[in-house]
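# Remarks on the overall topology
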Amino acid sequence: MGTSGRVLSVDGLDSLIRSISAEGYRVLGPSVVDDLIRITDISGVADLPAGVGDVQTAGKYAIRQRSDGALFGFATPADTWKKYMFPPRVRLQSIAVPDGDEVVEHPPQDDRPVALLGVRACDLAALRTHDRVLLDRVPDTDYAARRTGALLIAVDCHTPADSCFCASMTTGPTVREENAADLILTELLDEHRFLVRSGTEQGAALLEGLATTEATDEDTRAAAIQEQAATDALTKSLDTTGLADLLKQERNNPIWKQVAETCLSCGNCTMMCPTCFCVSVEDEADALAGRDDRVRRWSSCFELDYSYLHGGSIRESIPSRYRQWLSHKFSTWWDQFDTSGCIGCGRCVTWCPVGIDVTESCKTIQEHQGQGLM
Ligand code: SF4
Ligand code: SF4
């Protein structure tokens with residue numbers, strides 16, 4: 001693929017968005033909505049958050065004005081691509097008895113393919129993680145329909161937030177796996193332009209159709225400087241050496257009570273996490289209409305009912321639920337899927353209403369290992 005790089009102007013990016021739209025893609029990308037940078041439908045460069053950055057730290061999020069016109073000058077959007085690939089609520093089937101005979105209807109899939117514009121390296125890793133869970137074993141048909149044919153246009157991150165720790169999870173801030181996306185862009189701000197490389201044949205074909213110029217040594221040097229600056233700007237880190245085993249070994253350590261002391265069990269972290277995939281399937285019956293909808297909705301290990309077995313829930317206390325969440329992300333996910341359940345995007349840190357930071361929780365367990373029973 002085209003790893004040497006081409007240069008695309010801002011107008012060229014606009015043409016790219018418009019041409020893939022014209023090809024029938026639903027283009028999703030970042031935009032400012034209600035003082036948040038959210039992922040929404042995009043029809044051109046004018047929809048992108050020009051000159052808007054973000055401030056994200058434990059329990060806090062705000063947008064900020066930048067002094068440049070960067071289109072991707074923020075860390076991660078205030079929601080996830082998961083919302084579109086694995087939506088919060090999906091109707092699986094409906095059963096009606098219009099004339100006494102049961103009719104089962106499976107809702108039609110939206111067959112318009114999606115193009116995801118501005119995916120960060122960490123979020124590409126999240127998609128790969130979801131692929132392992134939802135495609136590689138027993139494929140989830142809804143996820144497979146949405147994910148197959150999705151066009152991925154990644155943009156390297158040059159402004160990590162205080163919540164981010166992608167380097168510790170080896171997922172970012174720069175896209176390293178060249179085939180992880182169809183196109184990979186690096187935004188260069190001195191003369192506003194994009195260094196662009198293709199990661200797949202589809203990306204290469206798209207690139208062929210765009211007005212680009214060959215990248216100069218100066219372009220490549222500018223991108224390398226920016227990459228280094230992004231890595232240097234990461235303030236949060238986590239030593240994951242031996243962490244998966246440690247979390248299992250320390251499951252009865254009383255320090256978990258302190259770690260989860262302020263947790264509200266609200267489940268925000270699981271809703272914002274791009275890799276969490278737990279769902280509940282419920283029937284919504286309308287007796288008067290003679291109809292029953294079977295609906296799948298996001299669920300959370302912080303729900304009391306989540307661990308309900310015959311006779312009651314096995315994780316009644318909040319610390320036991322917090323331990324479940326943290327241990328699954330950083331430990332038992334490896335046993336299930338041979339990868340980490342955390343890609344270091346920091347969203348759970350930012351969006352926790354009481355500012356609980358998973359990296360600090362892990363560090364506390366690391367510092368108190370071998371100290372008694374919970
Ligand atoms: S860690 Fe924070 S976001 Fe997660 S359940 Fe507890 S209070 Fe809610
Ligand atoms: S656990 Fe937190 S930092 Fe890790 S992927 Fe989920 S939201 Fe991101």
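Thresholds applied
Residues numbered from 1 in each chain as written. Chains lettered and ligands numbered in written order. Predicted model: local features only at pLDDT ≥ 70, side-chain atom pairs only at ≥ 80, totals over all residues. Heavy atoms only, no water. Domains from an automatic or database assignment. Contact = heavy atoms within 4.5 Å. Salt bridge = Lys/Arg side-chain N within 4 Å of Asp/Glu carboxyl O. Near = heavy atom within 4 Å. Nonpolar A, V, L, I, M, F, W, Y, C, P; charged D, E, K, R; others polar. Helix = DSSP H or I, 4+ residues; strand = E, 2+ residues; numbered from the N terminus. Buried < 20%, exposed > 50% of the residue type's maximum accessible area, 1.4 Å probe, protein only. Pairing = 2+ DSSP bridges. Disulfide = S-S within 2.5 Å.

### Digging into the domain arrangement of the protein
Each domain of the protein was delimited in the assignment, giving domain 1 (6-233) and domain 2 (243-367). The C-alpha-based centres of domain 1 and domain 2 are spaced at 25 Å. At the interface, 44 residues of domain 1 touch 40 residues of domain 2. Where domain 1 meets domain 2, there are 4 salt bridges. For R89, the salt bridge goes to E284, with nearest N and O atoms at 2.6 Å.

### Topic: the site of ligand 1
Not every one of the 13 residues close to ligand 1 is listed here, only the nearest: C263, L264, C266, C269 and C352. The residue inventory of the shell around ligand 1, partitioned by class, reads 10 nonpolar, 3 polar and no charged.

### What about the site of ligand 2?
Neighbouring ligand 2 are F165, C273, P274, W325, K329, C342, I343, G344, C345, G346 and C348. Of the residues that constitute the shell around ligand 2, the class distribution is 8 nonpolar, 2 polar and 1 charged.

### Focus on the environment of N268
You can see N268 is positioned in helix 9 (residues 268-272). Exposure remark for N268: the relative accessible area of 31% places this residue in the partly exposed category. Sequence separation between N268 and P87 is 181 residues, and the spatial gap between their C-alpha atoms is 16 Å. Those residues in contact with N268, other than ones at most four positions away along the chain, are W351 and P353.

### Section: the pattern of salt bridges
On inspection of all chains with the given rule, the structure shows 26 salt bridges. With a closest N to O distance of 2.8 Å, D41 and R26 form a salt bridge. Within this pair, whereas D41 is found in strand 3 (residues 36-41), its partner R26 is found in strand 2 (residues 26-33), the two being separated by 15 residues in sequence. In this structure D41 comes out as partly exposed when scored by relative accessible area, which is 40%. Salt bridges sharing partners connect three or more residues here, namely D140, D142, R146 and R296.

### Structural notes on the pairing of strand 4 (residues 52-57)
With 6 bridges joining them, strand 4 and strand 5 (residues 60-65) adopt antiparallel strand pairing. The partner of T57 across the bridge, within strand 5, is K60. Counted between consecutive antiparallel strands, the loop separating strand 4 from strand 5 contains 2 residues, among which G59 sits at a positive phi close to 75 degrees.

### Focus: the pairing of strand 8 (residues 114-119)
Taken across its 6 residues, strand 8 has 6 buried, putting it largely inside the fold. With 3 bridges joining them, strand 2 and strand 8 adopt parallel strand pairing. The partner of L28 across the bridge, within strand 8, is L116. The pairing of strand 8 with strand 9 (residues 151-155) spans 4 bridges and is classified as parallel. Among the inter-strand pairings, A115 is bridged to a residue of strand 9, identified as L151.

### Considering the state of the cysteines
Scanning the model with the defined rule gives 0 disulfides in all. As a non-bridged cysteine, C157 has C164 as the owner of its nearest cysteine sulfur, 6.1 Å distant.

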